[in-house]
Amino acid sequence: MAHIYIALVDTPGIFAYLIRKFIGQKYIHVVLSMDASLEEAYSFGRRNPFVPFFAGFEREEKERIARAFPTAEYMVCELECNPEQKKEIRTRLREDYGRRRHYHYAVLGLPFILWGIPFYQRNHFTCSSYIARLLHENGITVSEKHFSLVTPKDFYVYPDKREVFEGRLTEFIRLSGKMRGISLRDNGGKAEAYGC
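Below or above, wherever it landed, is the structure these notes cover. (Residues numbered from 1 in each chain as written. Predicted model: local features only at pLDDT ≥ 70, side-chain atom pairs only at ≥ 80, totals over all residues. Heavy atoms only, no water.)

Before going further, it helps to spend a moment on the packing of aromatic side chains. The full count for this structure, using the stated rule, is 17 aromatic pairs. Taking the centre distance of 5.4 Å and the plane angle of 45° together, the rings of Tyr120 and Phe125 count as tilted. Under the relative-accessibility criterion, Tyr120 is labelled partly exposed at 33%. Between Phe125 and Phe147 the ring centres are 6.2 Å apart and the planes differ by 40°, which places this aromatic pair in the tilted class. A residue pair is termed long-range when its members are at least 10 positions apart, and Phe125 in strand β7 (residues 124–125) and Phe147 in the loop between α5 (127–137) and α6 (152–157) qualify at 22 residues. Each member of the aromatic cluster is reached from another via a ring pair, and the members are Tyr42, Phe44, Phe57, Tyr97, Tyr103, Tyr120, Phe125, Tyr130 and Phe147. (Phe/Tyr/Trp six-rings, centres within 6.5 Å; stacked < 30°, edge-to-face > 60°. Buried < 20%, exposed > 50% of the residue type's maximum accessible area, 1.4 Å probe, protein only. Helix = DSSP H or I, 4+ residues; strand = E, 2+ residues; numbered from the N terminus.)

Now for the packing of helix α3 (residues 83–98) against α5. The contact between α3 and α5 brings their axes to 10 Å, and the two run at 140°. One element, α3, and the other, α5, form an angle in the oblique class. The two elements α3 and α5 cross, and the hand of that crossing is right-handed. Contact residues: α3 offers Ile89, Arg92, Leu93 and Asp96, while α5 offers Tyr130, Arg133, Leu134, Leu135 and Glu137. The residue makeup of the contact of α3 with α5, split by class, is 5 nonpolar, no polar and 4 charged. (Axes fitted to C-alpha atoms, helices over the stretch in contact; angles between N-to-C directions. Parallel < 35°, antiparallel > 145°, perpendicular 65-115°, else oblique. Left-handed = near helix turned anticlockwise from the far one by under 90°. Contact = heavy atoms within 4.5 Å. Nonpolar A, V, L, I, M, F, W, Y, C, P; charged D, E, K, R; others polar.)

Let us look at empty space enclosed by the protein. All told, the structure shown has 3 cavities of 30 Å³ or more when counted by the stated rule. In this model, the largest cavity occupies a volume close to 80 Å³. What lines the largest cavity is simply Ala106, Gly109, Ile113, Phe119, Tyr120, Gln121, His124, Phe125, Thr126, Ser129, Phe147 and Ser148. (1 Å grid on protein atoms, 1.4 Å probe; cavity = no way out; pocket = protein on both sides within 12 Å on 5 of 7 lines; lining within 4 Å. Points joined across faces, edges and corners; volume = space filled by probe spheres on them.)

Below, the discussion takes up the layout of surface pockets. Quantified by volume, the second largest pocket comes out at close to 280 Å³. Taken together, 17 residues line the second largest pocket, and the ones lying closest to its centre are Ile19, Phe22, Tyr105, Leu110 and Ile113. Those elements that place two or more of their residues in the lining of the second largest pocket are α1 (14–23), α4 (110–115) and α5. Sort the elements by how many residues they give to the lining of the second largest pocket and α1 lands first, with 5 residues.

Structure follows, in structure tokens:
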């Protein structure tokens, strides 16, 4: 058995506030990682954490995000998959990252999410829709909804995930820095180390 990781993210800002109000939960962004320490992690979001106006497919840099949003909170969750699924997902992420300038944030699709109407504009995704589609294409279905309608809330309520960390990103970085080559698991609300 292999694992991939989903990070649900709560960051400050007016756009985040509006999304938070719409989906009714604090986590408004989703990141897909190949490892528990989020060293190889991707998402559709800001191209630069300090500039909210330009978004697309990016590789997440947790230290940079922590500098931009020192109060950001993360919930990191583990999903089981088989080694072949993980290999295919990683390959696709790396290929898409190589063509990242061809991908854009699905701004036009946002009203359709409100209306519950599937809408897909070629190479345009939200953080949730991209990950939902990629996982579904590799045999992991987070929601029965059309991928364009999937929101961070669908990942939050997904029953086949296991929470391994919840708290400030700065704390996550501190813990993962202490435990290189070690993952985090939740133990009654406290993160503890376990061997990979």
